[in-house]
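# Structure assessment
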Amino acid sequence: MSSGVYLEVRADRLRQPAPVPLGEHHVAVAPTPMAGVVGASLVGAGLPFAARAAGIDPALISSPFVTTLVDATGLLIYFLIAELVLDV
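Bear in mind the structure is a predicted one, so any value in this text is a computation, not a measurement. (Residues numbered from 1 in each chain as written. Predicted model: local features only at pLDDT ≥ 70, side-chain atom pairs only at ≥ 80, totals over all residues. Heavy atoms only, no water.)

### Section: the overall build of the chain
A count of helices and strands for the chain gives 4 helices and 0 strands. Taken over 88 residues, the chain has a buried fraction of 17%. Partitioning the intrachain contacts of the chain with sequence separation of at least 6 by distance along the chain shows that 72% fall at a separation of at least 24. Accessible area for the chain stands at about 6,500 Å²; split by element, carbon and sulfur atoms hold 70% of it. (Helix = DSSP H or I, 4+ residues; strand = E, 2+ residues; numbered from the N terminus. Buried < 20%, exposed > 50% of the residue type's maximum accessible area, 1.4 Å probe, protein only. Contact = heavy atoms within 4.5 Å. Areas by Shrake-Rupley, 256 points an atom, 1.4 Å probe, with all protein chains shown as cover.)

As structure tokens, then:
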């Protein structure tokens, strides 16, 4: 979250007056990295336990599957935050 806030503050300092009024998109984008990292950590940590509960050897879960699942979780978190903030 701190990187998103930093980038927004830095962009505001460098930005010329915007030709289009700025909306609330920065409020949706700023918390997304932190929420994405937390969500990815929870999914990545919980996946071996879910595999073991399903009777699958946790070592057999492939890395590309984990990466795809974590990326999809991050995208879902972004859309959920944007929906809450922007009332879409």
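### Quick notes on helix 3 (residues 32-53)
Along its 22 residues, helix 3 runs 30 Å from first to last C-alpha, staying within 8% of the 32 Å computed at 1.5 Å per residue. Taking the largest bend as the criterion, helix 3 deviates by roughly 30°, centred on Leu47, and proline Pro48 comes between one and four positions later. Within helix 3, burial applies to Thr32, Gly36, Gly39, Ala40, Leu47 and Ala51. The elements touched by buried residues of helix 3 are helix 2 (25-29) and helix 4 (63-86). (Expected span 1.5 Å × (residues − 1). Bend = angle between axes of the 7 residues up to and from the residue.)

### Examining the packing of aromatic side chains
A full pass over the atoms with the stated rule returns 1 aromatic pair. Both rings, one in Tyr78 and one in Phe79, keep their centres 5.7 Å apart while their planes meet at 50°; by these two values the pair is tilted. By relative accessible area, which is 30% here, Tyr78 ends up partly exposed. Given the relative accessible area of 49%, Phe79 is considered partly exposed. (Phe/Tyr/Trp six-rings, centres within 6.5 Å; stacked < 30°, edge-to-face > 60°.)

### Some thoughts on the confidence of the model for the chain
In this model, the chain carries a mean pLDDT of 75, and residues with pLDDT of at least 70 account for 70%. No element of the chain has a lower mean pLDDT than helix 1 (residues 2-14), at 63, and none a higher one than helix 3, at 83. (pLDDT = per-residue confidence, 0-100.)

### Concerning the side chain of Thr73
For Thr73, the location among the structural elements is in helix 4. In contact with Thr73, not counting residues within four places along its chain, are Gly39 and Val43.

### Thoughts on helix 4
An ideal rise of 1.5 Å per residue puts 34 Å on 24 residues; helix 4 measures up with 34 Å between its terminal C-alpha atoms. Among all positions of helix 4, only Val70, Thr73, Ile77, Ile81 and Ala82 are buried. In this structure, the buried side of helix 4 is in contact with helix 2 and helix 3.

### A word on the environment of Asp71
Take Asp71: it is sitting in helix 4. Measuring from C-alpha to C-alpha, the distance between Asp71 and Ala40 comes to 7.7 Å, with 31 residues separating the pair along the chain.

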